[in-house]
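Below, each chain spelled out in residue letters.
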Amino acid sequence: MTTKTLTLDVGGMTCAACVGRVERGLKKVDGVQDAAVNLATERASVTYDPALTTPAQLVKTVRDTGYEAGTAELSFPVEGMTCAACVGRVERGLQKAEGVLSASVNLATERASVTYLPAATSPAALKEAVREAGYDVPDEATQAESRLDADRARKAEEIAALRRSVTLAAAFSIPLFLVAMLPMLWPALDLWLMDRVGMQTLNWVMLALAAPVQFGPGLRFYRSGWAALKHRSPDMNTLVMLGTSAAFGYSLLVTLAPGLFPAGSAHVYYEASGVVITLILLGKLFEALAKGRSSEAMRTLLALQPNVARVQRDGGVVEVPADDVRVGDHVLVRSGERLPVDGEVTDGSSYVDESMLTGESVPVQKTAGARVTGGTVNGTGALTFRATGVGADTALSRIIRMVEDAQASRPPIQGLADRVVAVFVPVVLVIAAVTFAVWMFIGGEGALANALVHTVAVLIIACPCAMGLATPVSIMVGSGRAAQMGVLFRSGAALEGLGAAQVVAVDKTGTVTQGRPEVTEVVVNGGWLKGDGELLRLTAAAEASSEHPLARAIERAALGEENDVNSLSPATDFQAIPGYGVQATVDGQRVEVGAARYMAKLGLALGALEAQADALAKRGRTPVFVAVDGELAGLLGVADPVRAGSVDAIRTLQGQGTEVAMITGDTRATAQAVAAEVGVSRVLAEVLPEGKSDAVQELQAGGRKVAFVGDGINDAPALARADVGVAIGTGTDVAVETADVILMSGDLRGVPNAIALSRATLRNIRVNLFWAFAYNILLIPVAAGVLSAWNITLSPVLAAAAMGLSSVFVLSNALRLRGFKPPLGGDASAAGRTGNPVSPTLPQTS
């Protein structure tokens, strides 16, 4: 069975009960395998069998449960159609595209009109579907809304609608509150009103002020609350609807037929219903504003891609929307401009700032043949590159997709909240019913009024908004902050699991070390007077024709930034001597390069260099001796050097209370030398590729949680075996695809940074959950009147204010993660980075 995963925008959700209702509704659809809804991002991720259901059916299900499913419409020209068969072909091509609900094509106007899900596809993908059907989509001066613009417009409309509702509700509620409360606080005013106006007239005035609030801005609670009741899944809207309706209905009855009530009990509570609705809407407004700030990291990522690109087409250079760049197009980028898509440089030379994607602050030189990544910023030079990744296939798009997947997923810690919320609202309704019954029994003459006030307070205070937001909003902000630091979490479970790791196992080659040999030392023999620079130059020239990896390291050391082997003096009479070394003639001098046994074969005594060679070997270096014209000139130390930052990373990990182990297939002596250099005490050396998974299992003995950090294909089994796999983003696609966490740069310092953020996020979630649960546990009894004997009660108005504040507190607490400071730097703007950053290698599919 082939399944697909579709992302839907879901509007109108207010609490965890809403999330559960949408999930249950989607899971009932034939063919749906799984559905996960996130209250913070207001999105649903649905895995389904396309043979059994369609995106249109999923959208209809969301709407049938009482919520909004965000859709968009796009119209664009299509060229090349000649008949009705062409129309049908284009329509079928569009309807097969991911996230398309409907598509119609008009042959006369030569335009296609598509209704689609903006969370699941993009205008560029729709146009590409037309091209794949064999037709062309010409460039237009106007371009459909970008994903960023669509998100901003949707949020702005939501906030604007809430502002209008709050303004209208406040315009009536404030005078209503003053009419109801001032006479109670100012007895002289009360006497004057009773004498001049009368209670019945005041009741009618308050009714006139309360009704526009109850059935204007308050109508939203009836729409959603009634739909929830019909689906037997009451939610926050149901509680507000029942509570305010009870207060308003009771007051209306008192106004219309005061004689039905015992003397002294005919009080109205219009201010409770009106002010409660206003305060809840005000809380929703603050919540929407805070949610907008919580997605700021995602908007920053989305904003990295420029809207326009300059491409070479039809013999000239034209500006086209970035979404319309095609694979194979030649794109021109001027100095200071942001690159629109991924590609390979064909002409020009420049330094490109990749800090926003990799966290590396040092610009990277790009010349012909170099890979470039969309979203990065060109320096002072001009570049022309061939587009290799466009639309959803760019590295930036894949990064955004990973962050969104992480934000949409549930970490294990949310399981408790989900189980509680599943029964919470029904339990609250039972508590409210019991509260009403008890107060009717013990309330005396004012029993009905007391029962009403306490029941309404229970219904209002028990809103589960804070519970529903406690975990997802922290995951949303935490994963977004991680992306800014160059760390990608694939899921909420990975974000939670990394912080719980007790052991961090690291691969040596390419992770702790750079992964390629480099010359680390140049030692000149005392009797050779031409200096270390000349020694290195002659050695590199002699090694230029060798295929040995050490030869390339010596070449790189001699050439430095030039990287032009032709700048070396030509070598003649080159000869490789297997097992010993090489010899050649350079500038008329005989140069012999090799191991100590080669020097012995030549009859040359090592002298003082022997002790230095032994010292280098103990530090994991390979000594390479050099003789010139039969005289021992010196030696080079060659090794795979430790990455800049590895020592700091390992020291910080140990300071975080985490044991660090090194797993490598290298010899024990070399592994121990590297381990001693970086401060690792536990080494598992000479481990075959297939044995790395077993090594991780060994570290997991006793139930310890292990995170494994690696970069190569041979690391994939260990990454999968570990509780949390962490891949160096500059490594292979296989390693990146297998991992749970991706470090977008090759810097090991990202690991302690990611662990620190994971733990900070978990602490944040725990505080949120504690507040959400404690708030309800403490205040529901107070609202029910348990402490009324001590004159401690909670009015519906105060209950509404407290309910709104609980959600705002949870959101504000989560937003603190935006200011998280990693222990070893790691922001895009962080200084002190070293090394040569490269574009992140990310999987081709999410």
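Residues numbered from 1 in each chain as written. Predicted model: local features only at pLDDT ≥ 70, side-chain atom pairs only at ≥ 80, totals over all residues. Heavy atoms only, no water.

Novice: Honestly, the side chain of Ser251 in this entry has me stumped. Any pointers?
Specialist: In this fold, Ser251 is placed in helix H9 (residues 236-256). Not counting residues up to four positions away in its chain, the partners in contact with Ser251 are Val268, Tyr269 and Tyr270. (Helix = DSSP H or I, 4+ residues; strand = E, 2+ residues; numbered from the N terminus. Contact = heavy atoms within 4.5 Å.)

Novice: How should I be thinking about the packing of helix H17 (residues 472-484) against helix H29 (residues 750-784) in this particular structure?
Specialist: The description of two packed helices rests on the angle between their axes and on the distance between the axes. Between H17 and H29, the least distance of the axes is 9 Å, while the angle of their chain directions is 160°. Relative to H29, the element H17 lies roughly antiparallel. Crossing geometry of H17 relative to H29 is assigned as right-handed. In contact with Val473, Ser474, Ile475, Gly478, Arg481 and Ala482 of H17, H29 contributes Leu757, Thr761, Asn764, Ile765 and Asn768. Tallied by class, residues from the contact of H17 with H29 come to five nonpolar, five polar and one charged. (Axes fitted to C-alpha atoms, helices over the stretch in contact; angles between N-to-C directions. Parallel < 35°, antiparallel > 145°, perpendicular 65-115°, else oblique. Left-handed = near helix turned anticlockwise from the far one by under 90°. Nonpolar A, V, L, I, M, F, W, Y, C, P; charged D, E, K, R; others polar.)

Novice: Help me out: how do you make sense of the sheet that holds strand E14 (residues 371-372) in this one?
Specialist: Hydrogen bonding along the main chain pairs the strands of a sheet, whether they run parallel or antiparallel. Taken in spatial order, the six strands of this open sheet run E9-E8-E10-E16-E11-E14, and their pairing is antiparallel. Of all the strands in the sheet, just strand E9 (316-321) and E14 have a single pairing partner and so form its edges. (Pairing = 2+ DSSP bridges.)

Novice: Mind showing me how you'd approach the packing of aromatic side chains here?
Specialist: Remark: the centre distance and the inter-plane angle together describe each pair of aromatic rings, the angle taken between the planes. Applying the stated criterion across every chain, the model contains five aromatic pairs. For the ring pair Trp771 and Phe809, a centre distance of 4.4 Å and an interplane angle of 35° mean the geometry is tilted. Of this pair, Trp771 sits in helix H29 while Phe809 sits in helix H30 (residues 796-815), placing them 38 residues apart in sequence. By relative accessible area, which is 33% here, Phe809 ends up partly exposed. (Phe/Tyr/Trp six-rings, centres within 6.5 Å; stacked < 30°, edge-to-face > 60°. Buried < 20%, exposed > 50% of the residue type's maximum accessible area, 1.4 Å probe, protein only.)

Novice: For this particular structure, what's the right way to read the packing of helix H15 (residues 447-461) against H30?
Specialist: Between H15 and H30, the least distance of the axes is 8 Å, while the angle of their chain directions is 5°. Compared by their axis directions, H15 and H30 come out roughly parallel. On H30, the residues touching Val453, Val456, Ala457, Ile460 and Ile461 of H15 are Pro796, Ala799, Ala800, Ala802 and Met803. Among the residues forming the contact of H15 with H30, the class breakdown is ten nonpolar, no polar and no charged.

Novice: Just to check I follow, could you spell out the nonpolar core for this structure?
Specialist: Grouped together as the largest cluster of nonpolar side chains are 135 residues, with contacts concentrated most on Leu8, Met13, Leu58, Ile461, Phe489, Leu498 and Val751. Looking at this core, the element that brings in the most residues is H29, giving 16 residues. Those residues in contact with Leu8 that sit more than four places away from it in its chain are Glu42, Arg43, Ala44, Val46, Leu58, Val59, Val62, Leu117 and Ala119. Counting 23 residues, the second-largest nonpolar core is a separate cluster that includes Trp528, Leu535, Val626 and Val628. (Core = buried A, V, L, I, M, F, W, Y, C linked by side-chain atoms within 4.5 Å.)

These results come straight from atomic positions and should not be treated as a statement about function.
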